[in-house]
Amino acid sequence: SDKAEWARSEVRFLRSFGGETPLELEAGLEDQVHTIPFRLVNDKIIVRGAVNGSRPVDLVVDTGAEQMVLSKPTAQDLGVRPITNTLSAGVGEVGFRGLELGRVDELEVGTLKVRNVPTIIKNPPLTGLPSRRVPDGISPLALGLSTIIDYKNHLLILARRLPDEPADIELPMRVHRLAMVRGVVNQEHPKSFVIDTGGEVISISLSTANMLGMMPVRHIPLRVYGSSGWDRDAFLLPGVHLAFSQIQYDNFSVVVMNLHRPSVLLGFHIGGIVGHKFLSNYRVSLDMDRSLLRLSQL
């Protein structure tokens, strides 16, 4: 069956480590705090990193990805070989995708050095997207690191345990493959929202929009594409109220996207996604040790 084949693939991947430790930080650096400068390009956080001792390459910091991600050409150039296949699901009409799974022997970003990093290789690649280049990316959370994103000073701070610092807002955060916080839609519907530094907008799922009874007769269509291609169902929905503790958006226009397949992969309904438009107003701390999303107004 498909489930049995998936389980065999996972076993093959785990056995490929042999006696190596996955996500092993360089000895002596386990408790270090790493401060790394970043560039903001098209609302994406970009850092420079070296893979397997390569020349520096651009990497998108994407907390909406559950593993490090490399395009097929990048993986070939950097000597990252596929070991087995895995199942992935993202926003877009392709939905579930069988992709290759490999391992980066060494990842170096600033002072951070991590060995044996599980890596999704985007092969087969998607076609028909606005850009032929598939961005390469890392998720600090997938590396087991808590993260501070200082949008004002363009600094990324990574550590196993972040230093204590004051915050204006603290939201309970759950991490199940992806990091999520609870938001309330239209005053009475609590939903889980993915914290996605690789995303741009604030969105709700198609199932959430249906549940609210707000599906308009005439849609305002949008051209939205994600990790699994174009989302032909996407549209703009005005008049929504969103609340994340004391953060409130009244009579707000959200993007509605089809999040059914990512929800199936996670095992529960995703209510929506908060991306750059939400996060960039704050100094953002994703503290896995304390299970908190901490926000300080810029």
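Residues numbered from 1 in each chain as written. Predicted model: local features only at pLDDT ≥ 70, side-chain atom pairs only at ≥ 80, totals over all residues. Heavy atoms only, no water.

Caption draft 1: Inspection of the nonpolar core at higher detail. In this structure, Leu-107, Leu-242 and Phe-244 are the most contacted members of the largest nonpolar core, which totals 60 residues. Those residues within four positions of Leu-107 in sequence are excluded, and the remaining contacts are Ala-50, Val-51, Leu-59, Met-68, Leu-112, Lys-113, Val-114, Val-117, Ile-138 and Leu-143. The next biggest cluster of nonpolar side chains, apart from the first, holds 11 residues, and it includes Leu-178, Met-180, Leu-259 and Ile-273. (Core = buried A, V, L, I, M, F, W, Y, C linked by side-chain atoms within 4.5 Å. Buried < 20%, exposed > 50% of the residue type's maximum accessible area, 1.4 Å probe, protein only. Contact = heavy atoms within 4.5 Å.)

Caption draft 2: Highlighting the side chain of Asp-287. Here Asp-287 shows up in strand β23 (residues 282-287). Overall, the relative accessible area of 1% leaves Asp-287 in the buried class. Reaching out from Asp-287, the side chain makes a polar contact with the side chain of Arg-290 at a distance of 2.5 Å. The residues touching Asp-287, leaving out its near neighbours within four places in the chain, are Ser-146, Leu-162, Met-173, Leu-292 and Arg-294. (Helix = DSSP H or I, 4+ residues; strand = E, 2+ residues; numbered from the N terminus. Polar contact = N/O pair within 3.5 Å; in protein donor to acceptor, adjacent residues only side chain to side chain.)

Caption draft 3: Quick peek at the side chain of Asn-186. Along the chain, the position of Asn-186 falls in the loop between β14 (178-185) and β15 (189-195). Setting aside anything within four residues of it in sequence, one finds Asn-186 in contact with Leu-212, Met-214, Val-240 and His-241.

Caption draft 4: Highlighting the pairing of strand β11 (residues 146-150). Where burial is concerned, most of β11 is hidden: five out of the five residues are buried. The alternating pattern of β11 places Ser-146, Ile-148 and Asp-150 and Thr-147 and Ile-149 on opposite faces, both of which are buried. Pairing geometry for β11 and strand β12 (residues 155-159), over five bridges, is antiparallel. Bridge assignment links Thr-147 to a residue of β12, and that residue is Leu-158. (Pairing = 2+ DSSP bridges.)

Caption draft 5: Fine view of the pairing of β12. Among the five residues in β12, four count as buried, and that is most of the element. Here four bridges tie strand β2 (residues 34-37) to β12, and the two strands are oriented antiparallel to one another. Bridged to His-34 within β12 is Leu-158. With antiparallel pairing between neighbouring strands as the criterion, β11 and β12 make up a hairpin whose turn holds four residues, including His-154 at a positive phi of roughly 55 degrees.

Caption draft 6: Spatial organisation of the pattern of salt bridges. Taken as a whole and assessed by the stated rule, the structure comprises 14 salt bridges. Lys-44 is the partner of Glu-200 in a salt bridge, and the nearest nitrogen-oxygen pair spans 3.1 Å. Pair noted here: Glu-200 is in the loop between β15 and β16 (202-205) and Lys-44 is in strand β4 (residues 44-51), with a separation of 156 residues, a long-range link. Exposure remark for Glu-200: the relative accessible area of 40% places this residue in the partly exposed category. The class of Lys-44 is partly exposed, set by a relative accessible area of 21%. Close ionic contact of Arg-294 with Glu-170 constitutes a salt bridge, the shortest N to O distance being 2.9 Å. Of this pair, Arg-294 sits in strand β24 (residues 292-297) while Glu-170 sits in strand β13 (residues 169-176), and the two are 124 residues apart along the sequence. Overall, the relative accessible area of 12% leaves Arg-294 in the buried class. A residue is classified by how much of its surface remains accessible, and Glu-170, at 43% relative accessible area, is partly exposed. When salt bridges with common partners are traced through the structure, they connect Glu-5, Arg-8 and Arg-12 into a single cluster. (Salt bridge = Lys/Arg side-chain N within 4 Å of Asp/Glu carboxyl O.)

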